[in-house]
Amino acid sequence: MIECEGIGKEPEQEKRVIFNDTDVLSSFLCVNSFKTVLDVFEHKRYKMVVPLVVLDELKATDRTRQLLAKPIEAEIRKGTINTEDIMLGTEEFDTYMEFKNGQGLGDGEAAALSLAIHTPKAAIASNNLRDVKKTVDDYHLELWTVPDIIHYAKEHSIITENRAGMLWKKMVQHGRRLPYNTYEEYLLKL
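Each chain carries its own residue numbering, running from 1 in the written order of its sequence. Note on the predicted model: pLDDT of at least 70 is required for a residue's local features to be given, and 80 or more for side-chain atom pairs to be given and counted; whole-chain, interface and lining totals, by contrast, use all residues. Values shown for side chains rest on all heavy atoms present in the structure; no hydrogens or waters enter the calculation.

**Remarks on the nonpolar core**
Only buried residues count toward a nonpolar core. Its members are Ala, Val, Leu, Ile, Met, Phe, Trp, Tyr and Cys residues joined through side-chain atoms within 4.5 Å. Accessible area is worked out with a 1.4 Å probe on protein chains only. A residue is then buried under 20% of its type maximum, exposed over 50%, and partly exposed in between. In this structure, Leu25, Phe34, Phe41, Met48, Ile72, Trp144 and Ile150 are the most contacted members of the largest nonpolar core, which totals 38 residues. With 20 residues, the next largest nonpolar core counts Leu105, Ala110, Ala122 and Val132 among its residues.

This is the structure we're talking about:
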């Protein structure tokens, strides 16, 4: 019997790439809910990419923050999450340096944005709207914030509304900047 490749198989839809900034990842990691991010981006069929600069930011400070990087490193080993470096002499590097020096962006934001700009149909996950919103708009990038991820997870039954409210509350207690004090307030403004 001769097997013909592709017969009877649906073509796999190519995944879009989402570049993650430190603040989104750390928001979910600090409340032990990193799986929510993984589940949302898998549901959206995104290939998650963490710039190496972001991974370094997560590991660079105190021991508590270093522990936050462990779940990401485990997913990298499993192949669920990819990393990407910004290489000297590339367009991505030039854009990264422009964002850092010209616009004063942090390392993680500059890395995620520069990689997204140079990747077709890429998205970015960042919660620092003050720093990234103009660039996101200028380059027509899709942006995912912490509230977007929580709400998407609730709307698609990845988490319950009660869990969404608890995550939001815990993030606020951990000093994360969210647009409202509670998820319920956020829902009222939608």
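There's more to say after this.
**Section: the pattern of salt bridges**
Criterion for a salt bridge: a side-chain nitrogen of Lys or Arg within 4 Å of a carboxyl oxygen of Asp or Glu. Enumeration according to the criterion identifies nine salt bridges in this entry. For the salt bridge of glutamate 142 with arginine 16, the shortest nitrogen-to-oxygen distance reads 2.6 Å. With a gap of 126 residues between them, glutamate 142 in strand β5 (residues 142-144) and arginine 16 in strand β1 (residues 16-20) connect regions that are remote in the sequence. By relative accessible area, which is 25% here, glutamate 142 ends up partly exposed. Elements are defined by DSSP. Helices are runs of H or I of four residues or more, strands are runs of E of two residues or more, and each kind is numbered from the N terminus.

**Observations concerning the side chain of threonine 36**
Assignment of secondary structure puts threonine 36 in helix α2 (residues 34-43). What makes threonine 36 buried here is its relative accessible area of 5%. We call two residues in contact when some of their heavy atoms are within 4.5 Å. Apart from residues lying up to four places away in sequence, threonine 36 is in contact with Phe28, Ala153, Ile159 and Leu167.

**Considering the confidence of the model for the chain**
The quantity called pLDDT is the predictor's confidence in a given residue, expressed from 0 to 100. This prediction gives the chain a mean pLDDT of 89; 89% of its residues lie at or above 70. The low-confidence segment residues 1-12 (pLDDT under 50) makes one contact with residues lying over four places distant or belonging to another chain.

**Focus: the packing of aromatic side chains**
Any aromatic ring pair is given by two values, namely how distant the centres are and how the planes are angled relative to each other. Pairing of aromatic rings covers Phe, Tyr and Trp, the last through its six-membered ring, and needs centres within 6.5 Å; plane angles under 30 degrees mean stacked, over 60 mean edge-to-face, and all others mean tilted. If you walk through the whole model with that rule in mind, you get eight aromatic pairs. Aromatic side chains phenylalanine 41 and tryptophan 144 sit 5.8 Å apart centroid to centroid with 90° between the ring planes, which places their arrangement in the edge-to-face category. One end of the pair, phenylalanine 41, is in helix α2; the other, tryptophan 144, is in strand β5, and 103 residues separate them in sequence. By the burial criterion, phenylalanine 41 is buried, and tryptophan 144 matches it. Centre to centre, the rings of tryptophan 144 and tyrosine 152 are 5.4 Å apart; their planes meet at 75°, and the pair counts as edge-to-face. The exposure classification of tryptophan 144 matches that of tyrosine 152, with both residues buried.

**Let's talk about the side chain of asparagine 127**
Checked against the element boundaries, asparagine 127 lands in the loop between β4 (123-125) and α7 (129-138). A relative accessible area of 17% means that asparagine 127 is categorised as buried. Within 3.5 Å is the distance limit for a polar contact, defined as a pair of N or O atoms, with the added protein rule that one can donate a hydrogen and the other accept it, and that residues adjacent in sequence qualify only through two side-chain atoms. A polar atom in the side chain of asparagine 127 sits 3.0 Å from the backbone nitrogen of valine 146. For asparagine 127, the residues in contact, after removing those within four places along its chain, are Asp23, Val24, Thr145, Val146, Pro147, Arg177 and Leu178.

**Structural notes on unusual backbone geometry**
Residue arginine 45 is not a glycine yet carries a positive backbone phi of 65°. Here arginine 45 shows up in the loop between α2 and β2 (46-51). Residue classification places arginine 45 among the partly exposed positions, given a relative accessible area of 25%. Despite not being glycine, serine 157 shows a phi value in the positive range, around 55°. Note that serine 157 resides in the loop between α8 (146-155) and α9 (161-173). For serine 157, a relative accessible area of 67% puts it in the exposed group.

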